[in-house]
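# Coordinate analysis (summary)
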Amino acid sequence: MFGVVPKKIWGRLAEADENNLIRMETNLFVLTAYRKNILLDTGLGDCLTEKEKRIYAASGVSDIENGLKQIGLSPDDIDVVFLTHLHTDHAGGAVKLENGQPVPRFKNAVYMVQKDEWDDAMTPDERTSAVYIPDRLEVLEQSGKLKLIDGRAEFLPGIFAVKTGGHTRGHQAIEAESEGALFVYYADIVPSSWHLKIPYVAAVDLFPQETMAVKKKLLERLARRDSLIGFDHDLRIKIGRVRKENDLYLAVPA
């Protein structure tokens, strides 16, 4: 998760196990606007193979439907599923199994993905075949609910899909502005509050220089105004505010 940063440094932040793995979570967010419920990513879901469970060292069971229930929603209440990218830990929960076959979990929702991301996920290579699973994802297209975006797009007033690249070629973020307040979710560009440090970029990022450039511009902007940021893998801070102190970016819980 920290790329070229030595373990001697990042180890002060996160405790690693005997396999050099650190504990993280898949935090999911629902944005409600214009009487629409927008789900930001879907986590690992409950369709993982035994091999995938080992790859992700996944523990417990998917809490996506119970989590929605706790805020008074069901899968049928979701209008838009905004997928920042199609790695299994972000898109696995977009489908469920019925009679042993994958089907869209959110039957009333449109699934929004960057075109470049979709193209890459449908044709994974030796490096990406472990995280892109076309056989599961293609049911989204077959359902007629897939909406491909090409670059930046305002899909509701004040709500933007922002293509970032970096983590993957077609990674995207969401920015939502209302009455002067700003919320952003940049997913694996800034997966945790630890990653507010510009050089802290995961080794799996295909274009780390892009990640750093995007992160630098974003954090400068967030620190200048009262903004909220959602962290997709943070254990402690799910939604925070960015502060700049002594040339360092910090997050405080919102």
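It should be noted that the structure appears before, not after, this text.
The paragraphs below set out a description of the structure included in this document. (Residues numbered from 1 in each chain as written. Predicted model: local features only at pLDDT ≥ 70, side-chain atom pairs only at ≥ 80, totals over all residues. Heavy atoms only, no water.)

## A few points about the sheet that holds strand β2 (residues 36-40)
Heads up, the condition is: At least two bridges found by DSSP between two strands is the condition for calling them paired. The helix count covers DSSP runs of H or I at least four residues long, the strand count covers runs of E at least two residues long, and both are numbered beginning at the N terminus. Axes here refer to lines fitted to C-alpha atoms; in helices the fit is confined to the stretch in contact. Angles between the N-to-C directions go from 0 to 180 degrees. A contact between two residues is defined here by any heavy atoms of the two lying within 4.5 Å.
Strand order in the open sheet formed by five strands is β1-β2-β3-β6-β7, and the pairing between neighbours is mixed. Across the chains shown, the open sheet's two edge strands, defined by having one partner strand only, are β1 (29-33) and β7 (146-149). Each strand axis lies, on average, 25 degrees off the axis of its neighbour in the sheet, ignoring direction. Helix α5 (residues 115-122) contacts β6 (110-114) and β7 of the sheet and is inclined by roughly 90 degrees relative to β6.

## Observations regarding the pattern of salt bridges
Quick note on the threshold: Within this document, salt bridges are pairs made up of a side-chain nitrogen of Lys or Arg and a carboxyl oxygen of Asp or Glu, the two lying within 4 Å of each other. Per-residue accessibility, obtained with a 1.4 Å probe over protein chains only, is compared with the maximum for each type, and a residue is labelled buried under 20%, exposed over 50%, and partly exposed between these values.
The tally for this structure, following the rule as stated, stands at 14 salt bridges. A salt bridge links Glu 52 to Arg 136; the nearest nitrogen and oxygen atoms lie 2.6 Å apart. Highlighted residues: Glu 52 in helix α2 (residues 50-56) and Arg 136 in helix α6 (residues 134-142), separated in sequence by 84 residues. Neither Glu 52 nor Arg 136 differs from the other in exposure class; each is buried. Salt bridges sharing partners connect three or more residues here, namely Asp 116, Asp 120, Lys 163 and Arg 169.

## Looking at helix α7 (residues 208-224)
Stated precisely, the cut-off is as follows: By definition here, a helix of n residues has an expected span of 1.5 Å times n minus one. Directions pointing from the helix axis toward each C-beta atom define the arc.
Here α7 contains 17 residues, and its C-alpha end-to-end distance of 25 Å stays within 8% of the 24 Å for a straight helix at 1.5 Å per residue. The set of residues buried in α7 consists of Thr 211, Lys 215, Leu 218, Leu 219 and Leu 222. When α7 is viewed along its axis, its buried side chains cluster within an angular range of 100 degrees and face the same direction. The outward face of α7, more than 90 degrees from its buried face, is lined by the exposed residues Gln 209, Lys 217 and Arg 224.

## Considering the environment of Ile 229
Within the element layout of this structure, Ile 229 appears in strand β12 (residues 227-230). Put simply, Ile 229 and Ile 239 are ten residues apart on the chain and 5.5 Å apart in space, counted from C-alpha to C-alpha. Once you skip the residues sitting within four places of it in the chain, Ile 229 turns out to touch Phe 183, Val 184, Val 190, Leu 218, Leu 222, Lys 238, Ile 239, Gly 240 and Val 242.

## Topic: the side chain of His 233
Test applied: Polar contacts, as counted here, are pairs of nitrogen or oxygen atoms within 3.5 Å of one another; within protein the pair requires one atom able to donate a hydrogen and one able to accept it, and residues that are adjacent in sequence qualify only if both atoms are side-chain atoms.
Among the secondary structure elements, His 233 is positioned in the loop between β12 and β13 (239-245). In this structure His 233 comes out as buried when scored by relative accessible area, which is 7%. Within polar-contact distance, the side chain of His 233 engages the side chain of Asp 188 at 3.3 Å. Contact partners of His 233, with chain neighbours within four places excluded, come to Met 24, Glu 25, Thr 26, Asn 27, Asp 89, His 90, Asp 188 and Pro 191.

## Thoughts on the packing of aromatic side chains
Definition in use: Ring geometry is summarised as follows: Phe, Tyr and Trp rings, the Trp one being its six-membered ring, pair when their centres sit within 6.5 Å, and such pairs are stacked at plane angles under 30 degrees, edge-to-face over 60 and tilted between the two. Criterion for a charge above a ring: Arg CZ or Lys NZ at most 6 Å from the ring centre, at most 35 degrees from the ring normal.
Under the counting rule described, the total for this entry stands at six aromatic pairs. Here the aromatic residues Phe 2, Trp 10, Trp 194 and Tyr 200 are joined through ring pairs into a cluster of three or more. Sitting over the ring of Phe 160, Arg 152 keeps its end group 4.4 Å from the ring centre. For the cation-ring pair, Lys 197 lies above Tyr 200, with the distance from its terminal atom to the ring centre recorded as 6.0 Å.

## A look at the environment of Glu 138
As for its placement among the helices and strands, Glu 138 is situated in helix α6. It is 17 Å that separates the C-alpha atoms of Glu 138 and Asp 46, two residues lying 92 residues apart in sequence. Among all residues touching Glu 138, those that are not within four sequence positions of it are Trp 118 and Met 122.

## Here we look at the side chain of Asp 188
This is how the line gets drawn: In summary, the charge assignment counts Lys and Arg as positive and Asp and Glu as negative, without counting His or the chain termini.
Considering the arrangement of structural elements, one finds Asp 188 in the loop between β11 (181-185) and α7. Nearest to the buried, unbridged Asp 188 among oppositely charged side chains is Lys 215, at 11 Å. Looking at Asp 188, its side chain comes within polar contact range of the side chain of His 85, at 3.2 Å. Here the side chain of Asp 188 touches His 90 through a polar contact of 3.2 Å, side chain to side chain. Excluding its chain neighbours within four sequence positions, the residues that come into contact with Asp 188 are His 85, His 90, His 167, His 171, Asp 205, Asp 232 and His 233.

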